[in-house]
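Okay, here's what each chain looks like letter by letter:
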Amino acid sequence: MAQVEKKAGLLRKSSASKKPLKEKVVLMYDEIFAKDDPAKNNPRFWEELFLMRVNLEYLEGKLESLDGDDLMKIKDNVNSLFHHCIQALGEEHQIKVVNALQTLCALLWGVHQKNKSTSGFDIINMLMGFDKAELRMKDLMESLDTLLCGEGSESLKSLCLKLLLCLVTVTDNISQNSILEYVMINSIFEAILQILSTDPSRRQHGYDAVVLLALLVNYRKYESVNPYIVKLSIIDDETTLNGMGLVLSQALSEYNRQYRDKEEENQGGFFSAITNMVGSMFISDADEKISVQTNEAVLLALYEAVHLNRNFITVLAQSHPEIGMMSTPTTPVPTTPTTPSSMDVMNSAELPLDPNLQTSNLLITFLKYSSIVMQDTKDEHRLNSAKLCLIILSCIAEDQYANSFLHDDNMNFRVNLHRMPMRHRKKAADKNIPSRPLACAVLDLMVEFIVTHMMKEFPMDLYMRCVQVVHKLICYQKKCRVRLHYTWRELWSALINLLKFLMSNETTLLSKYNIFQLALQVVNLFNMFITYGDTFLPTPNSYDELYYEIVRMHQVFDNLYCMVLRLSTNTGQWKEAASKVTHALVNVRAIINHFNPKIESYAAVNHISQLSEDQVLEVVRSNYDTLTLKLQDGLDQYERYSEQPKEAAFFKELVRSISLNVRKNVSLNTLSQDFLLKEFSSIS
């Protein structure tokens, strides 16, 4: 007995003096980071490694601790680790596959980090060796394709997509990521399409799939033929396109829902109402804005689909019950780090259309999203989002098929756009919104933007795009003689106020922008209405109201003419730009100079000091015959949207920003090991 106690005591003493034992996987990592071949003394080394739970923290830390030269000394072992990871992806034991995928993520990230500080350091050589790179990447991409298209675990598919997102975003500028050349050669495009076209996969992986596709499409898109661009542009499978639309619509709806929840939270409760009432006396408009993080990745995916694939335009109008007005299932759906925490509640198989429900579509969801992000453009992300929204709208507005459903009288929707809180107007009640063709909602959005962004930090580029969208819609209406029942006076009033703002801030704005370019676009919109309004305005009365607005606000046009005349007669930098506006004003001035004396004469003869609107309209109607106008050419012409070269710099920076954000969300620490290992705890 005493002998046993003595032995136990000795054991306790010796164990207390030792360092904490390292777990076996850590010891195995240490062997890989030594110079010798780890399989030399243990032929089963690699087989055993992938049975061990990955210690991401240690592996990542070990890679970070080495400089480029140290890493090069163990290149053979790193090559071997990469090779055996790929081999493990074909294993039947899913626990090995999980561990291999996570190890690959850590390797890619760690080795790329070294590249930032070491010149002449080649990532491909470090990971695979030049001579084996093509074969290794072919095997890797084929294995990932098999896993994504197979009938295996959804968690494994999720991890495959995480690895691919990690692979694509390891460099800030994805076009400098040389490994992506192999992703171009060994395409996973079909695997992405399969995810989008099948319901369970789409619901769990659709978001990651569309983000991955959007990023791959932007790899060296201006420098070489990108197969993902070519393939995306020719998809005509309805199920796949609708699946992509559902994923995008869900992600945008989730953003809209979060914004609406925050809005209700800010307005809720009696105390809050009192606080808001008192606070509004002192707080500026800027402080009332509600902030929800924007999602440029989803917008980029929507843009690429709309811009590259004409067949996708049909998806924009695909009706489904409005999200947010429906009961969501009680069963929780597992989410992944890059996936928004919401369900694909638009799955048509699960949701029969209810006649009592308001129907929606991707375009409506997008317009609502745009109305939120376009409210506040002071933040760089929101400015980029607003710009991308307008670019997407510009692509839609010049598409013949899109215009046909935008202006279809049989496709009416009640679109509740978000409006910026402003002192001089009341918040519109949702119930008062009429059901109208979607072109009305697009015009409402453009009018809302024009009215709410006349400020010191003037977003000139956004205004130009906004007016261009309006112009493209009107060109379609003129061409197809579509009489849209819209309150055009709101647009005319907004445009006149914009001209007034440009003149009031002439000095400040001219130091930064060519405001005559915008002024010319606005004046030419009026010229479109004057010259062709009888072919697309809803009633003869609408045409009379146009003249009434021009005459009523004649002072603005007179002041604009004086300003452009002054600058066009001087020999300054604005001479040519100002003279174009001078010529464009010829018909507007003819209307003012023709009707003003007639109105004054009518008032004098009838002894009326101030005429009513009806009396002015009566004068207008009875004096059309003697009005002479000049026919202006090219009013219904516009330059079609082209990404290259004008927008190339914008998209390059946008993709960089998205890549950084995706990388942050797919970092190694978020790969939810516990959840994965619980699922694969039994090795079969």
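Cut-offs and rules
Residues numbered from 1 in each chain as written. Predicted model: local features only at pLDDT ≥ 70, side-chain atom pairs only at ≥ 80, totals over all residues. Heavy atoms only, no water. UniProt positions renumbered as here; feature names shortened; annotations may be inferred. Helix = DSSP H or I, 4+ residues; strand = E, 2+ residues; numbered from the N terminus. Contact = heavy atoms within 4.5 Å. Areas by Shrake-Rupley, 256 points an atom, 1.4 Å probe, with all protein chains shown as cover. Salt bridge = Lys/Arg side-chain N within 4 Å of Asp/Glu carboxyl O. Buried < 20%, exposed > 50% of the residue type's maximum accessible area, 1.4 Å probe, protein only. Axes fitted to C-alpha atoms, helices over the stretch in contact; angles between N-to-C directions. Parallel < 35°, antiparallel > 145°, perpendicular 65-115°, else oblique. Left-handed = near helix turned anticlockwise from the far one by under 90°. Nonpolar A, V, L, I, M, F, W, Y, C, P; charged D, E, K, R; others polar. Phe/Tyr/Trp six-rings, centres within 6.5 Å; stacked < 30°, edge-to-face > 60°. Lys NZ or Arg CZ within 6 Å of the ring centre and 35° of its normal. Core = buried A, V, L, I, M, F, W, Y, C linked by side-chain atoms within 4.5 Å. Expected span 1.5 Å × (residues − 1). 1 Å grid on protein atoms, 1.4 Å probe; cavity = no way out; pocket = protein on both sides within 12 Å on 5 of 7 lines; lining within 4 Å. Points joined across faces, edges and corners; volume = space filled by probe spheres on them.

Labelled according to an unreviewed UniProt entry, the chain appears under the name Armadillo like helical domain containing 3, originating from Erpetoichthys calabaricus. Here the chain is described in UniProt, under the heading Subcellular location (unreviewed entry), as follows: "Membrane".

Can you help me understand the overall build of the chain in this one?
Looking only at helices and strands, the chain has 33 helices and four strands in total. Partitioning the intrachain contacts of the chain with sequence separation of at least 6 by distance along the chain shows that 79% fall at a separation of at least 24. Total accessible area on the chain is roughly 32400 Å²; 51% of this is exposed by carbon and sulfur atoms.

Help me understand the pattern of salt bridges, please; the structure alone is not making it clear to me.
Taken as a whole and judged by the stated rule, the model has 36 salt bridges. When the shortest N-O distance is used, the salt bridge between Arg640 and Glu398 registers 3.6 Å. Taken as a pair, Arg640 in the loop between α31 (613-621) and α32 (648-665) and Glu398 in the loop between α20 (380-397) and α21 (400-406) lie far apart in primary sequence, 242 residues in all. Judged by relative accessible area, which is 10%, Glu398 ranks as buried. For the salt bridge of Glu647 with Arg465, the shortest nitrogen-to-oxygen distance reads 3.0 Å. Of the two residues, Glu647 sits in the loop between α31 and α32 while Arg465 sits in helix α23 (residues 460-480), which places them 182 residues apart along the sequence. When sorted by exposure, Glu647 lands in the same class as Arg465, which is buried. Put simply, Arg489, Glu545, Glu549, Arg552 and Glu613 are held in one network by salt bridges that share partners.

Where do I start with the packing of helix α24 (residues 488-504) against helix α28 (residues 554-569) in this structure?
Helix packing for two helices is described by the angle between their axes and how far apart those axes are. Packing of α24 against α28 leaves a shortest axis separation of 10 Å and a crossing angle of 40 degrees. Considering the angle they form, α24 stands oblique to α28. Here α24 and α28 pass one another in a crossing that is left-handed. Where α24 abuts α28, its residues Ile496, Leu499, Lys500 and Met503 lie against Val556, Phe557, Asn559, Leu560 and Met563. For the contact of α24 with α28, the residue count by class is seven nonpolar, one polar and one charged.

Help me understand the packing of aromatic side chains in this model?
Two descriptors summarise a pair of aromatic rings, namely the distance from one centre to the other and the angle between the planes of the rings. By the definition in use, this model includes 24 aromatic pairs. Positioned above the aromatic ring of Tyr561 is the side chain of Arg589, whose terminal nitrogen or guanidinium carbon lies 3.6 Å from the ring centre.

What is the right way to look at the nonpolar core in this model?
One recurring pattern in soluble globular proteins is that nonpolar side chains are buried together. Of all hydrophobic cores here, the largest spans 227 residues; its most connected members are Leu216, Leu302, Phe312, Leu316, Trp488, Phe516 and Leu518. Of all the elements, helix α26 (residues 515-536) adds the most residues to this core, at 13 residues. Leaving out residues up to four positions away in the same chain, Phe516 has contacts with Leu510, Met563, Val564, Leu567, Trp574, Ala577, Ala578 and Val581.

Help me out: how do you make sense of helix α30 (residues 586-605) in this one?
Residues that lie three or four places apart on an α-helix share one face, since the helix turns once every 3.6 residues. The terminal C-alpha atoms of α30, which comprises 20 residues, lie 29 Å apart, in line with the 28 Å expected from a rise of 1.5 Å per residue. Turning to α30, its buried residues number three or more, namely Asn587, Val588, Ile591, Ile592, His594, Phe595, Asn596, Ile599 and Ala603. Buried residues along α30 sit against α26, α27 (540-552), α28, α29 (575-584) and α31.

I keep staring at unusual backbone geometry and nothing clicks. Help me out?
Residues other than glycine predominantly adopt negative phi, and peptide bonds predominantly adopt the trans conformation. Note the cis peptide between Gln644 and Pro645, where omega equals 10 degrees. With respect to the secondary-structure elements, Pro645 resides in the loop between α31 and α32. In this structure, Arg481 is a non-glycine residue whose phi angle is positive, near 50 degrees. Its place among the elements puts Arg481 in the loop between α23 and α24. Given the relative accessible area of 58%, Arg481 is considered exposed.

In this structure, what is going on with the environment of Val655? I would like to understand it.
Counting through the fold element by element, Val655 comes out in helix α32. In this structure the C-alpha to C-alpha distance between Val655 and Thr169, which are 486 residues apart in sequence, comes to 9.9 Å. Discounting chain neighbours no more than four positions away, the residues touching Val655 are Ile174, Leu215, Asn218 and Leu300.

Just to check I follow, could you spell out the layout of surface pockets for this structure?
Once rolled over the atoms, a probe with the size of a water molecule shows which space is left empty. Here the second largest pocket is characterised by a volume of approximately 830 Å³. Forming the walls of the second largest pocket are 27 residues, and the residues nearest its centre are Met464, Gln468, Gln517, Gln521 and Glu639. Sorting elements by how many residues they give to the lining of the second largest pocket places α23 first, with seven residues. When the residues that make up the lining of the second largest pocket are grouped by side-chain class, the tally is nine nonpolar, ten polar and eight charged.

Is there a simple way to think about α27 in this case?
In this model α27 runs 19 Å from its N-terminal to its C-terminal C-alpha over 13 residues, within 8% of the 18 Å that 1.5 Å per residue would give. When you tally the buried positions in α27, you get ten out of 13 residues, the bulk of the element. The set of residues buried in α27 consists of Ser542, Tyr543, Asp544, Glu545, Leu546, Tyr547, Tyr548, Glu549, Ile550 and Val551. Structurally, α27 contributes buried residues whose contacts are with α24, α26, α28, α30 and α31.

Hey, could you run me through the packing of helix α15 (residues 238-267) against helix α17 (residues 296-308) in this one?
At a minimum axis separation of 10 Å, α15 and α17 run at an interaxial angle of 145 degrees. Helix-helix and strand crossings are classified by hand; for α15 and α17 the assignment is left-handed. Contacts between α15 and α17 pair Met244, Leu248, Ala251 and Leu252 from the former with Val298, Ala301, Leu302 and Ala305 from the latter. Across the contact of α15 with α17, the residue classes break down as eight nonpolar, no polar and no charged.

Sorry if this is basic, but what is going on with the side chain of Ser153 here?
For Ser153, the location among the structural elements is in the loop between α9 (133-149) and α10 (154-169). Under the relative-accessibility criterion, Ser153 is labelled buried at 12%.

What's the story with the side chain of Asn177 in this structure? I'm lost.
Note that Asn177 resides in the loop between α10 and α11 (180-185). Residue class for Asn177 comes out buried when judged on its relative accessible area of 0%. For Asn177, the contacting residues outside a window of four places in its chain are His112, Leu167, Val168, Val170, Thr171 and Tyr219.

Would you mind showing me how to read the environment of Ile95 here?
Within the element layout of this structure, Ile95 appears in helix α7 (residues 94-115). A residue is classified by how much of its surface remains accessible, and Ile95, at 8% relative accessible area, is buried.

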